[in-house]
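Listed here are the chains, written in short residue letters.
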Amino acid sequence: MSMKKRILIIEDDNDLAGITGDMLQNYGYEVRRAENCEAAFHILTDEQFHLLLVDINLPDGSGFDVCRELRRVSKVPVIFASARTDEDDKIKGLDMGGDDYLAKPYSLREMLARVNALMRRSYGAEEEAPVYHFGKIKVDSGMRTVERNGEEVRLALREFDLLAYLCAHPNRTIPKEELLHEVWSAFSEAELATVAVHIRWLREKLEENPAKPQYIRTVWGAGYRFEMPEEPGNACK
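Note that the structure is predicted; figures quoted are calculated from it, not measured.

What counts, and at which threshold
Residues numbered from 1 in each chain as written. Predicted model: local features only at pLDDT ≥ 70, side-chain atom pairs only at ≥ 80, totals over all residues. Heavy atoms only, no water. 1 Å grid on protein atoms, 1.4 Å probe; cavity = no way out; pocket = protein on both sides within 12 Å on 5 of 7 lines; lining within 4 Å. Points joined across faces, edges and corners; volume = space filled by probe spheres on them. Helix = DSSP H or I, 4+ residues; strand = E, 2+ residues; numbered from the N terminus. Nonpolar A, V, L, I, M, F, W, Y, C, P; charged D, E, K, R; others polar.

J.: Would you mind showing me how to read the layout of surface pockets here?
T.: Picture a little ball the size of a water molecule; that probe, rolled over the atoms, points out where space is still empty. Taken as a whole, the largest pocket holds about 530 Å³ of empty space. As for the largest pocket, its lining consists of 21 residues, of which Val73, Ser74, Lys75, Arg144 and Asp161 are closest to the centre. Sorting the residues of the lining of the largest pocket by element identifies helix H5 (108-123), helix H6 (157-168) and helix H7 (176-184) as the ones contributing at least two each. Looking at which element gives the most residues to the lining of the largest pocket, the answer is H6, with five residues. Taken together, the residues of the lining of the largest pocket break down into 10 nonpolar, five polar and six charged.

J.: I'm lost on empty space enclosed by the protein in this one. Help?
T.: A full pass over the atoms with the stated rule returns three cavities of 30 Å³ or more. Arg6, Gln48, His50, Arg144, Thr145, Val146, Glu152, Val153 and Arg154 together form the lining of the largest cavity. In terms of residue class, the lining of the largest cavity is built from two nonpolar, three polar and four charged. Among the secondary structure elements, those contributing two or more residues to the lining of the second largest cavity are strand S1 (6-10), helix H1 (14-26) and strand S3 (51-55). Its residues placed into classes, the lining of the second largest cavity shows eight nonpolar, one polar and two charged.

As structure tokens, this is what we get:
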């Protein structure tokens with residue numbers, strides 16, 4: 001089952017966001033839009049995307065702020081789009097973790113070409129990224145997608161990063177402190193309880209019986225253990 005790549009447009013100009021989103025959808029992308037920083041952070045808490053198209057001048061902050069926070073937990077590609085074409089702004093955006101800088105006003109053809117190029121650079125070699133199979137679940141770390149029984153399972157950004165980390169370190173006990181540090185970053189203000197909450201959410205979405213998990217096990221007083229079955233077809237690839 002082929003999954004559409006998802007793009008989040010963070011743009012306060014309704015007309016520009018509309019025509020940009022229409023163009024991307026016409027070329028096979030799934031698009032969501034946030035009109036300010038607050039809306040973007042809310043969406044990113046619950047959903048994951050393959051690319052972000054970010055305006056720099058937003059009503060409640062800066063696109064730089066969004067990218068700065070995002071880079072603490074994710075390497076998802078970011079294209080800045082702005083009428084601020086000063087060289088210093090471009091350098092600041094790229095140094096902050098942006099992957100490209102699109103000057104406004106831009107043509108829709110140029111925008112699409114840059115999006116396609118960045119998608120190819122970021123995901124063109126996705127077959128080389130680990131793909132994990134366990135039971136009826138498939139986790140594609142390159143595409144950042146999860147399937148259960150062949151159907152897509154939507155995970156929030158940190159939910160996916162947590163699952164990917166567990167998959168990459170199977171059959172060993174992982175302390176909560178390690179998960180907090182590696183998934184939320186060393187500078188995060190999140191607490192250990194946050195790990196437990198996200199573990200519960202993953203179980204609810206992936207386990208047949210979340211109350212008696214088969215894969216994401218609790219090791220009391222120590223942390224969590226991801227059980228990767230040894231049966232044929234269930235191993236990591």
